[in-house]
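Now for the letters of each chain:
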Amino acid sequence: FKRPTGIAIGLLSQIIILPFLSFALAHSLGFETIPAVGMLVMAVSPCGMMSSVFSYWVDGDVPLSFTISTLSTLLAFGTIPLNLLIYSGSWTDEEFVIPYRSILIVVGITITPLVLGVGIRWKFSKAASIILKIGSIAGIILVALSLILLSLLYPFMYSASWKIYVAAVSYPYISFMFGYVVSTLFRMDNFQRRTVALETGMQNYAVCFAILESSFSAEKFSVMSIFPLLYGVNVLIAGIVFVGFYQILKKYGPEPIKTHTPNEARLQREIKDTQMTEAFLEVRVTDNEGKEEFCNT
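Residues numbered from 1 in each chain as written. Predicted model: local features only at pLDDT ≥ 70, side-chain atom pairs only at ≥ 80, totals over all residues. Heavy atoms only, no water.

For the chain, the name recorded in an unreviewed UniProt entry is Ileal sodium/bile acid cotransporter, with Magallana gigas as its organism. Under the Subcellular location (unreviewed entry) heading, UniProt states for the chain: "Membrane". Taken directly from UniProt, the Sequence similarities (unreviewed entry) text for the chain runs: "Belongs to the bile acid:sodium symporter (BASS) (TC 2.A.28) family." (UniProt positions renumbered as here; feature names shortened; annotations may be inferred.)

In structure tokens, the structure reads:
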């Protein structure tokens, strides 16, 4: 909160850019009404918490990731109805039912372990380091289980049309790219750009399903859920590709990529601020000496 620029840019990408991107992609592919609404609801849903796990794996700004995810979920009480009102008119005039209870549950699931983790790290720093390693391994298992369970429980999604396939496969990568470009334009640090990219591309599909299930009949829901389901599979694959690409660059890429971890970036920023302060003081001293010499003359 001392440097709220990163939060603002992350929320801008998540709440404003992503719904418009979804709207444009659905129209460019000529989506019919039912799958288009499923894609739009997916886009207006808040950030998914898996983005924080992937952010940790790419040496991103994990506190920023949690902050954006939590705030986007809290703001979802207003941003979901607003975005649906703006963009859904192209396909439907049906009234959406916003599952406020489900959103509150997501907030609780997000904040409770976060507070617990902060408490453990504050009181038991050694234990926190061990838990962090266990949590990272658990994250890998969770991603693998998610991919397997989605495929086993919803095999019908793989019979989708080619348009839905194109959208579901390309959507995460396009979202990552837009998030990275926007954060680059605002000159954020490299590790924060990676975090904003992940936050922009990874949505909470539990909230998406709750909206669709509450708003439409079972028949429509079964068709609308195809894009979110395919997206759920492909966004995890895209996240794995993102991590793999970063780790390759970290190991074999240029020096700034190899060393630009969060702690080093903060240290570089502090050094830069110190250097700027010293340069300013030096200019003031030189300027005063010049004035004094001029007055004496």
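**What about the UniProt feature "transmembrane region" (unreviewed entry) in the chain?**
Those places that UniProt annotates as "transmembrane region" (unreviewed entry) correspond, in this numbering, to residues 36-57, 64-86, 98-118, 130-158, 164-186 and 229-249. Note that residues 64-86 is 100% helix and 0% strand, and that its end C-alpha atoms are spaced 28 Å apart. (Helix = DSSP H or I, 4+ residues; strand = E, 2+ residues; numbered from the N terminus.)

**Overview of the packing of helix 5 (residues 100-123) against helix 6 (residues 125-153)**
Packing of helix 5 against helix 6 leaves a shortest axis separation of 5 Å and a crossing angle of 130 degrees. It follows that helix 5 is oblique to helix 6 by the angle criterion. Across the interface between the two elements, Ile120, Arg121 and Lys123 of helix 5 pack against Ser125, Ala128, Ile131 and Leu132 of helix 6. (Axes fitted to C-alpha atoms, helices over the stretch in contact; angles between N-to-C directions. Parallel < 35°, antiparallel > 145°, perpendicular 65-115°, else oblique. Contact = heavy atoms within 4.5 Å.)

**Focus on unusual backbone geometry**
The phi torsion of most residues other than glycine is negative, and most of the peptide bonds are trans. For aspartate 59, which is not glycine, the phi torsion reads 55 degrees and is therefore positive. Even without being glycine, arginine 187 reaches a positive phi, approximately 55 degrees. In this structure, arginine 187 sits in the loop between helix 7 (162-185) and helix 8 (190-201). Its relative accessible area of 74% is what places arginine 187 among the exposed residues. (Buried < 20%, exposed > 50% of the residue type's maximum accessible area, 1.4 Å probe, protein only.)

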